[in-house]
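Secondary and tertiary structure notes
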Amino acid sequence: MLQSYYGTHFSPLYLYTYHPMRRYRIMPIIFQRLAWGPVRLTLWLFSNLEIRGLEHLKRIRGNMIIASNHSNQLDPILIVACFPFFSRHLPLVFGSREKDFYAKSGWQRLIYGGLFFRLMGAYPMYSGLNNYETALRHHLAFAHKGESICIFPAGKQKVDHEIPKARGGIGYLAHTTNLPILPVRIQGLEDMTFLSVWTGKHKVIVTFGEPLETKDIFINTSFIKLTQEENPYAHAAAVIMEKVEQLT
């Protein structure tokens, strides 16, 4: 059996201790569905929104981990808008940066990373801790409560003609929860702004791939005598991002 890279294990006490404040859970249900119609209609009318592979959702009966590329601030709500309105998978729980990360982001620092994000279902993934369990405590708790988690493993790192480098958190989350991973690729939002969305020059395509199982992303990966450079979770995350980039 695969062992935790950082030597930590999930426990019921951990879930009780780190479960986010329950009073915020009702708000994402409301806000995500309120945004569903305007976002879907606007992109359908002005960007010829095309959704591919949605039939793969039928293969996932419980909750899941969604792994997507990330090139625009609209990506999270776009993914929500691509789900059926009454999908049992909604609301989604998203991964975000800590509030301090947005301290130098102009007006965005007033709403990003704080209460607004939580009302929309986004919770911070803490960086620099060298401990996946602590860094992902919110998302582990939600996953074990039956919520579907959406993560952008590579953030906004994008180099032309290269697969973006993914962080290992999603590999750890998949290994710990044993949830299926649904790869999603978004195309056409790279240069879109609030003003350009109305020009009709963008063509937005969202592709859902075939679900992956944990065994699919840890193939030929050993947890014995691993160094930081051989982090198996980072390797698994790279496999996931390769699957995402292959979606066309």
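Everything that follows concerns the structure shown earlier in this document.
These lines cover the structure that appears in this document, whether it is placed above or below. Every chain's residues receive numbers from 1 upward, in the order its sequence appears when written. In keeping with the model being predicted, local features are shown solely for residues with a pLDDT of at least 70 and side-chain atom pairs are shown and tallied solely at 80 or more, while totals for entire chains, interfaces and linings include all residues. In computing side-chain values, all of the structure's heavy atoms are included and hydrogens and water are not.

**Remarks on the packing of aromatic side chains**
Stacked, tilted and edge-to-face pairs are distinguished by plane angle, under 30 degrees for stacked and over 60 for edge-to-face with tilted covering the rest, among Phe, Tyr and Trp rings (Trp via its six-membered ring) whose centres lie within 6.5 Å. Inspection of every chain in the model, using the stated rule, returns nine aromatic pairs. Centroid distance Trp36 to Phe85: 5.2 Å. Interplanar angle 75°. Geometry classified as edge-to-face. Here Trp36, found in helix H2 (residues 26-46), pairs with Phe85, found in the loop between helix H3 (75-82) and strand S3 (92-96); they are 49 residues apart in sequence, far enough to count as distant. An aromatic cluster is built from Tyr132, Tyr172, Phe218 and Tyr233, whose rings are joined through pairwise contacts. Positioned above the aromatic ring of Phe85, the side-chain terminus of Arg33 is 5.8 Å from the ring centre. Secondary structure counts use DSSP, requiring at least four H or I residues in a row for a helix and at least two E residues in a row for a strand, with both numbered from the N terminus. In our convention, an over-ring charge means Lys NZ or Arg CZ found within 6 Å of a ring centre and within 35 degrees of that ring's normal.

**Some thoughts on the pattern of salt bridges**
Note on definitions: salt bridges are taken to be side-chain nitrogens of Lys or Arg within 4 Å of carboxyl oxygens of Asp or Glu. Applying the stated criterion to the full structure yields four salt bridges. The partner of Glu50 in a salt bridge is Arg52, with the nearest N and O atoms 2.8 Å apart. Residue classification places Arg52 among the partly exposed residues on the basis of a relative accessible area of 28%. In this structure, the salt-bridge partner of Lys215 is Asp216, at a minimum N-O distance of 3.5 Å. For the exposure calls, accessible area comes from a 1.4 Å probe over protein chains only, and a residue counts as buried if that area is under 20% of its type's maximum, exposed if over 50%, partly exposed in between. Judged by relative accessible area, which is 26%, Asp216 ranks as partly exposed. Each of Glu50, Arg52 and Lys203 takes part in one network of salt bridges that share partners.

**Remarks on the environment of Gly155**
Examined against the element boundaries, Gly155 turns out to sit in the loop between strand S5 (148-151) and helix H7 (169-177). What makes Gly155 buried here is its relative accessible area of 17%. Any two residues whose heavy atoms approach within 4.5 Å at even a single point are treated as in contact. For Gly155, the residues in contact, after removing those within four places along its chain, are His70 and Arg167.

Remember, this is a structural readout, not a statement about activity or role.
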